[in-house]
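Survey of secondary and tertiary structure
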Amino acid sequence: MVPAEEPWSGRMVPPRWVPLTSTIICALAVADSGYLTYTHFTNPKAIACFLAKPGSFVNCGMVTTSAYSHPLGIPVALAGLIWAVAMLALCSPWGWRAANKWVGRARLAGSVVGVGTVCWLLWAELIKLRHLCEYCTGVHILTFALFIVILLGTALAVPSEPEPAGVDELA
Amino acid sequence: MQQRRQRNLYTALGGIGVAVVVVVVIVAVSLSSGGTKKTANASGDIAPGAFALTAAQIAQVENVPVSELVKQAAPMPSDAAPPQALPAKNPVLTSGGRPEIVFVGAEYCPYCAAERWALVTALSKFGTFLDLRGTTSSATDVNPSTPTFSFYGSGYTSKYISFIADEEETNTEAALQAPTAQEEALVTKWDVPPYIPAADAGSGSPIPFIYIAGKYLLTGNQYDASPISGMSWTTAATYMTSGKNATSKAMQAAAGYLVGDICALTHGQPASVCSLVPKPLIGVTTTSAASHGSSVTPSTTAPAKAPTTTVKPAKKAKS
């Protein structure tokens with residue numbers, strides 16, 4: 001008879017590539033959403049938002065000034081920036097090392113919320129507005145990539161090695 | 001532990017798979033509905049005879065301050081007419097929860113040419129135009145070659161209002177855009193007496209026809225733009241935005257009336273625009289203008305020396 005598996009109550013360690021990859025993705029997302037937020041509050045008609053040729057399907061301005069740019073009254077660019085900053089903290093090497101299981105849960109929940117929002121925004125852009133915002137798409141791709149990294153990182157995590165005996169004494 | 005890890009991996013791959021499927025479905029629906037294809041709205045298509053405008057040229061018109069518009073509109077009567085009031089019981093026309101403004105015109109029409117200056121000036125206070133082009137009215141109609149914007153292939157986004165435009169014909173009167181069933185229904189119902197002069201009834205549907213969310217209506221141009229007939233687009237833009245000649249003042253007053261009516265529809269939103277509009281201009285109509293001393297009446301909405309053009313019935317039937 002095989003004994004029942006004991007739930008692991010200690011720290012889970014993801015593959016080594018996960019913290020670094022997720023941190024880089026989050027940093028890029030912060031930069032991208034930060035730019036969108038900056039243009040939102042300074043000049044929504046910023047040149048960078050209107051690089052698209054007239055009639056182009058890819059047209060940031062058509063999206064960032066649309067009725068879908070303020071879900072629940074919050075500028076979507078600002079919401080994206082807040083999300084990206086929070087995820088940067090949760091996905092930093094510190095976040096992945098945290099023993100508190102709620103950090104891991106928050107990271108997982110954040111990635112699911114992020115990808116859900118991406119799906120909603122994609123629907124708004126492709127179906128309702130029929131225009132794609134290049135900078136928003138950048139954040140969408142990063143969000144999706146982060147979702148994959150976090151899911152795999154969480155699934156492939158292994159219990160940390162117990163601290164060698166006598167470590168405290170040596171320290 | 002290994003078993004649990006494998007189970008977690010399957011769950012993760014399942015989650016990723018679900019997300020991928022959702023994205024693929026959205027893209028597929030978009031492609032199948034033509035969502036990513038060019039459409040009449042913001043397609044960037046350009047009508048024969050139309051030409052590209054630079055961002056600076058468009059900004060010159062869009063950047064006339066609200067304070068200037070209301071300054072020209074406030075001393076009623078002005079040389080421009082406010083929209084007519086539609087019956088109070090008429091429902092508000094909305095799209096996506098926002099009041100919707102419907103423009104039906106044609107590029108050959110010199111009165112539509114006049115009206116587009118005011119419309120672009122006013123609507124740019126509430127949202128963003130994209131792919132606006134320049135064009136001129138017919139070279140052989142009255143006020144020949146009046147420079148103006150073309151709404152064909154353009155787009156407009158706003159948090160506050162929706163705007164759709166239909167340019168039925170080119171400036172050489174070739175068919176351009178077929179009206180939608182909704183536009184046809186609105187024109188049939190409202191582009192008739194008493195909203196148009198009785199004398200015009202029976203000779204087609206006057207344009208420009210601008211249905212402002214079921215509450216206000218324009219069945220002609222608000223002011224006379226004949227002085228810009230034959231001007232280059234750039235010269236006309238400078239002339240119209242200067243505020244230093246009667247035509248410019250009339251255009252800005254016309255835009256001011258539109259801004260006031262749109263503020264009534266948006267309940268004062270955005271405050272950055274509507275807080276600058278004096279109360280008498282909020283929801284202003286020919287009737288309320290008259291009560292403020294205007295002599296403007298619906299039958300003289302179009303300047304007397306500039307009778308409203310009409311869409312030829314035969315071409316309408318074809319479209």
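This report concerns the structure included in the present document.

A closer look at the overall build of chain A
- Within chain A, the regular secondary structure consists of seven helices and two strands.
- When the helices and strands of chain A are read in sequence order from the N terminus, they spell out β-α-α-α-α-α-α-β-α.
- Of all 171 residues assigned to chain A, the portion counted as buried reaches 43%.
- Restricting the contact set of chain A to residue pairs at least 6 apart, pairs at least 24 apart contribute 79%.

A look at the packing of aromatic side chains
- Under the defined criterion, the tally for this structure stands at 14 aromatic pairs over all chains.
- On the numbers, 5.9 Å between centres and 80° between planes, the contact of Phe129 of chain B with Phe163 of chain B is edge-to-face. Taken together, the residues Phe129 of chain B in strand β5 (residues 127-130) and Phe163 of chain B in strand β9 (residues 162-167) connect sequence positions 34 residues apart.
- Taken together, the aromatic side chains of Phe103, Phe129, Phe151, Tyr156 and Phe163 of chain B make up a single cluster linked through ring pairs.
- Over the aromatic face of Trp102 of chain A sits the side chain of Arg105 of chain A, whose NZ or CZ is 4.7 Å from the ring centroid.
- Just above the ring of Trp96 of chain A sits the side chain of Arg107 of chain A; from NZ or CZ to the centre is 3.6 Å.

With respect to the pairing of strand β8 (residues 155-158) of chain B
Residues and elements named next belong to chain B.
- Of the two faces of β8, the one carrying Gly155 and Thr157 and the one carrying Tyr156 and Ser158 are both buried.
- Pairing of β5 with β8 involves four bridges; the strand directions are antiparallel. When the sheet's bridge partners are listed, Leu130 is paired in β8 with Gly155.

A closer look at the packing of helix α3 (residues 76-91) of chain A against helix α6 (residues 134-155) of chain A
Residues and elements named next belong to chain A.
- Close contact between α3 and α6 brings their axes to 13 Å; oriented N to C, the two are set at 25°. Between α3 and α6, the angle falls in the class roughly parallel. Crossing of α3 against α6: the hand is left-handed. Facing Trp83, Met87 and Cys91 of α3, the residues of α6 in contact are Thr143, Leu146 and Ile150.
- Of the residues in the contact of α3 with α6, the class split is five nonpolar, one polar and no charged.

A closer look at the state of the cysteines
- Within this structure, the stated rule accounts for three disulfides over all chains.
- Each disulfide pairs two cysteine sulfurs, and for Cys133 of chain A the partner residue is Cys136 of chain A, the sulfurs being separated by 2.5 Å. Looking along the S-S bond of the Cys133 of chain A-Cys136 of chain A disulfide, the torsion reads about 75°, which is the right-handed sense. For the pair Cys133 of chain A and Cys136 of chain A, one class covers both residues: buried.
- One disulfide bridge connects Cys109 of chain B with Cys112 of chain B, the sulfur atoms lying 2.4 Å from each other. Around the S-S axis, the bridge from Cys109 of chain B to Cys112 of chain B shows a dihedral of about 90° and counts as right-handed.
- Overall, Cys109 of chain B belongs to the buried group, its relative accessible area being 0%.
- Since its relative accessible area comes to 0%, Cys112 of chain B is described here as buried.

Some words on helix α2 (residues 55-62) of chain B
Residue and element names in this part refer to chain B.
- Those residues of α2 that sit buried are Gln57, Ile58, Val61 and Glu62. Angularly, the buried residues of α2 cover 135° about the axis, an arc narrow enough to put them on a single face. Counted as exposed and oriented over 90 degrees from the buried face of α2: Ala55 and Ala56.
- Against β1 (51-52), α4 (110-123), β5, β7 (147-150) and α6 (233-241) lie the buried residues of α2.

Section: the sheet that holds strand β6 (residues 133-136) of chain B
Residue and element names in this part refer to chain B.
- Pairing is antiparallel across the open sheet formed by three strands, whose spatial order is β1-β6-β7. Looking at the sheet topology across the chains shown, the edges are occupied by β1 and β7.
- Pairing analysis gives four bridges linking β6 to β7, with the strands arranged antiparallel. Residue pairing for β7: Thr135 is matched across the bridge by Thr148.

A word on helix α5 (residues 181-190) of chain B
Residue and element names in this part refer to chain B.
- The set of residues buried in α5 consists of Glu183, Leu186, Val187 and Trp190. All buried residues of α5 fall inside an arc of 95° around its axis, so they share one side. Looking at α5, the residues exposed on the side facing more than 90 degrees away from the buried face are Ala181, Thr188 and Lys189.

Looking at the side chain of Thr266 of chain B
- Positionally, Thr266 of chain B belongs in the loop between α7 (246-265) and α8 (271-274).
- Apart from residues lying up to four places away in sequence, Thr266 of chain B is in contact with Phe126, Tyr160, Ile161 and Cys274 of chain B.

Notes on the pattern of salt bridges
Residues and elements named next belong to chain B.
- As enumerated under the stated definition, the model contains two salt bridges over all chains in all.
- Lys71 is the partner of Glu68 in a salt bridge, and the nearest nitrogen-oxygen pair spans 3.5 Å. In this pair, Glu68 and Lys71 are both assigned in helix α3 (residues 66-73), three residues apart and thus about one turn of the helix distant.
- Take Glu68: its relative accessible area is 26%, and that puts it in the partly exposed class.
- In this structure, the salt-bridge partner of Arg116 is Glu167, at a minimum N-O distance of 2.8 Å. With a gap of 51 residues between them, Arg116 in helix α4 and Glu167 in strand β9 connect regions that are remote in the sequence. Across this residue pair, the class does not change: Arg116 and Glu167 are buried.

What counts and how
- Residues numbered from 1 in each chain as written.
- Chains lettered and ligands numbered in written order.
- Predicted model: local features only at pLDDT ≥ 70, side-chain atom pairs only at ≥ 80, totals over all residues.
- Heavy atoms only, no water.
- Helix = DSSP H or I, 4+ residues; strand = E, 2+ residues; numbered from the N terminus.
- Buried < 20%, exposed > 50% of the residue type's maximum accessible area, 1.4 Å probe, protein only.
- Contact = heavy atoms within 4.5 Å.
- Phe/Tyr/Trp six-rings, centres within 6.5 Å; stacked < 30°, edge-to-face > 60°.
- Lys NZ or Arg CZ within 6 Å of the ring centre and 35° of its normal.
- Pairing = 2+ DSSP bridges.
- Axes fitted to C-alpha atoms, helices over the stretch in contact; angles between N-to-C directions.
- Parallel < 35°, antiparallel > 145°, perpendicular 65-115°, else oblique.
- Left-handed = near helix turned anticlockwise from the far one by under 90°.
- Nonpolar A, V, L, I, M, F, W, Y, C, P; charged D, E, K, R; others polar.
- Disulfide = S-S within 2.5 Å.
- Arc of directions from axis to C-beta.
- Salt bridge = Lys/Arg side-chain N within 4 Å of Asp/Glu carboxyl O.

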